[in-house]
Amino acid sequence: MLLGAIEAGGTKFVLATGTANGKILTRQSIATTDPASTMAQARDWFAGQSSIAALGIASFGPVELDRQSPQWGHITETPKPGWSNCDLAGYFAGELGVPIGFDTDVNGAALGEFHLGAGRGTSGIAYITVGTGVGGGLIVDGNLVHGAGHPEMGHLYPRRDANDRDFKGTCPFHGDCLEGLASGPAILARWGSTLSDLPEDHEAHELVAGYLADACHTVFACCAVERVVLGGGVMQTPGLIERIGRASAKAGGNYLPGRDKQEVVAPGLNADSGITGALLLAAGARN
């Protein structure tokens, strides 16, 4: 059974065909421009492949995940110009005539990592991406977490460092939430450089690691997951994940039950977490 997958990002759409066990057979990347052009280009690519039985979409958001809502499968009010109220799932269901699995990009990445990557053998993980924005997907007791909406881990408030009070943060909604302090644009706005280009002894490394460690500790404490998987462009900074792991353990204060099972780790699927998860969403749509 051949399946289709889309990892819909704000910069690019990754398209793939593959199997229900997450094996990628063909892939293509296209630039994210306006909805009509981008979706039509994706449709045409799938039309040029062998027929697929279902399509999984892991999308940037916010998105509507309530299947009882008439807006299910839509990107809702997003800061990405032109994409608010875009009916992704409906478009591809109509154009390709197949069942659709739909979730957030980070929930898709969490799904891929849980089943086939760094989360294998656990009961639950969080996947947090740190790049242009900060977002998180969550699996507890083997199931993706949905509720009133979907997790928005990038908008947690980390505890500000005592010597770090002047920077107001870059999030247009919350100022100094995690995204406003530790995302790529926040780092660039504050220090005029990417984190990886700053010297190893620059204060930015410890501050960013500390804020991300606070988020990891919060997830460990609130959700009792065994691993937090950290991906995204900022996480390519040498030594950053080790700093976060040490700071997260320190934040736990030798208190949390199960702390010996809890780890901060890199993605096991590297850059394929999201597109692999989208294939698994497609497999689920067939069940």
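As the structure is a prediction and not an experimental result, all values here were calculated from the model.

## Some details on the overall build of the protein
Then, number 1: For the protein, the count of helices and strands is eight helices and 12 strands.
Then, number 2: A globule of 287 residues ought to have a C-alpha radius of gyration of about 19 Å, and the protein, at 19 Å, matches this closely.
Then, number 3: Seen through its principal axes, the protein has C-alpha atoms that stretch 55 × 40 × 35 Å.
Then, number 4: Burial statistics for the protein: of 287 residues in total, 50% are counted as buried.
Then, number 5: Of the roughly 13,100 Å² of accessible surface on the protein, 49% is carried by carbon and sulfur atoms.
Then, number 6: For the protein, the distance from the average site of its 19 positive side-chain charges to the average site of its 29 negative ones is 4 Å.

## Examining the pattern of salt bridges
Then, number 1: Throughout the structure, instances matching the rule amount to eight salt bridges.
Then, number 2: Among the ionic pairs, Glu95 bridges to Arg43, the shortest N-O distance being 3.4 Å. One end of the pair, Glu95, is in helix 2 (residues 88–96); the other, Arg43, is in helix 1 (residues 35–47), and 52 residues separate them in sequence.
Then, number 3: Overall, Glu95 belongs to the partly exposed group, its relative accessible area being 42%.
Then, number 4: With its nearest N and O atoms 3.6 Å apart, the salt bridge here joins Asp164 to Arg160. The same class applies to Asp164 as to Arg160, namely buried.

## Thoughts on the pairing of strand 3 (residues 24–31)
Then, number 1: With seven bridges joining them, strand 2 (residues 12–18) and strand 3 adopt antiparallel strand pairing. In the strand pairing of strand 3, Ala16 is matched with Arg27.
Then, number 2: Linkage of strand 2 to strand 3, two consecutive antiparallel strands, is achieved through a turn of five residues, within which Gly22 is found at a positive phi near 85°.

## Focus: the sheet that holds strand 2
Then, number 1: With mixed pairing, five strands are arranged side by side in an open sheet as 3-2-1-4-7. Among the strands making up the open sheet, the edge pair consists of strand 3 and strand 7 (100–104). Neighbour-to-neighbour, the strand axes of the sheet open up by a mean angle of 15°, direction not taken into account.
Then, number 2: Each of strand 1 (3–8), strand 2, strand 4 (55–59) and strand 7 is contacted by helix 2, which is oriented at about 160° to strand 4, the strand it contacts most.
Then, number 3: Against the sheet, helix 8 (residues 273–285) contacts strand 1, strand 2, strand 3, strand 4 and strand 7, and its axis sits at roughly 135° relative to strand 1.

## Quick word on the packing of aromatic side chains
Then, number 1: Inspection of every chain in the model, using the stated rule, returns five aromatic pairs.
Then, number 2: Seen in terms of ring centroids, Trp45 and Phe46 are 5.1 Å apart; in terms of plane orientation they differ by 80°. Their pairing is edge-to-face. With respect to burial, Trp45 and Phe46 carry one shared label: buried.
Then, number 3: Of the aromatic side chains, those joined through ring pairs into one cluster are Phe13, Phe60 and Trp83.

## Considerations on helix 8
Then, number 1: Here helix 8 contains 13 residues, and its C-alpha end-to-end distance of 19 Å stays within 8% of the 18 Å for a straight helix at 1.5 Å per residue.
Then, number 2: The buried fraction of helix 8 amounts to 11 of the 13 residues, a majority that puts the element mostly inside the structure.
Then, number 3: Every buried residue belonging to helix 8 is among Ser273, Gly274, Ile275, Thr276, Gly277, Ala278, Leu279, Leu280, Leu281, Ala282 and Ala283, and all of these are buried.

## A short note on helix 2
Then, number 1: Along helix 2, the residues classified as buried are Leu88, Ala89 and Phe92. Viewed along the axis of helix 2, the buried residues span an arc of 95°, placing them on a single side of the element.
Then, number 2: With a side-chain oxygen lying 2.8 Å from the backbone nitrogen of Gly90, the N-terminal cap of helix 2 falls on Asp87.
Then, number 3: Just downstream of helix 2, Gly97 is the residue with a positive phi angle, here 65°.

## Some details on the nonpolar core
Then, number 1: Among the nonpolar cores identified, the biggest contains 35 residues, and Leu195, Leu212, Val228, Leu230, Met235 and Ile244 are the most heavily contacted of them.
Then, number 2: Breaking this core down by element, the ones donating at least two residues are strand 8 (125–130), strand 9 (134–140), helix 4 (178–182), helix 5 (184–191), helix 6 (203–223), strand 11 (227–231) and helix 7 (240–252).
Then, number 3: Among the elements that make up this core, the one with the highest residue count is helix 6 (11 residues).
Then, number 4: Excluding anything up to four places from it in sequence, Leu230 contacts Ile128, Cys216, Met235, Ile241, Ile244, Val264, Val265, Ala266 and Pro267.

Criteria and cut-off values
- Residues numbered from 1 in each chain as written.
- Predicted model: local features only at pLDDT ≥ 70, side-chain atom pairs only at ≥ 80, totals over all residues.
- Heavy atoms only, no water.
- Helix = DSSP H or I, 4+ residues; strand = E, 2+ residues; numbered from the N terminus.
- Rg over C-alpha atoms; globule rule 2.2 N^0.38 Å.
- Buried < 20%, exposed > 50% of the residue type's maximum accessible area, 1.4 Å probe, protein only.
- Areas by Shrake-Rupley, 256 points an atom, 1.4 Å probe, with all protein chains shown as cover.
- Lys, Arg positive; Asp, Glu negative; His and termini not counted.
- Charge placed at Lys NZ, Arg CZ, Asp CG, Glu CD.
- Salt bridge = Lys/Arg side-chain N within 4 Å of Asp/Glu carboxyl O.
- Pairing = 2+ DSSP bridges.
- Axes fitted to C-alpha atoms, helices over the stretch in contact; angles between N-to-C directions.
- Contact = heavy atoms within 4.5 Å.
- Phe/Tyr/Trp six-rings, centres within 6.5 Å; stacked < 30°, edge-to-face > 60°.
- Expected span 1.5 Å × (residues − 1).
- Arc of directions from axis to C-beta.
- Polar contact = N/O pair within 3.5 Å; in protein donor to acceptor, adjacent residues only side chain to side chain.
- Core = buried A, V, L, I, M, F, W, Y, C linked by side-chain atoms within 4.5 Å.

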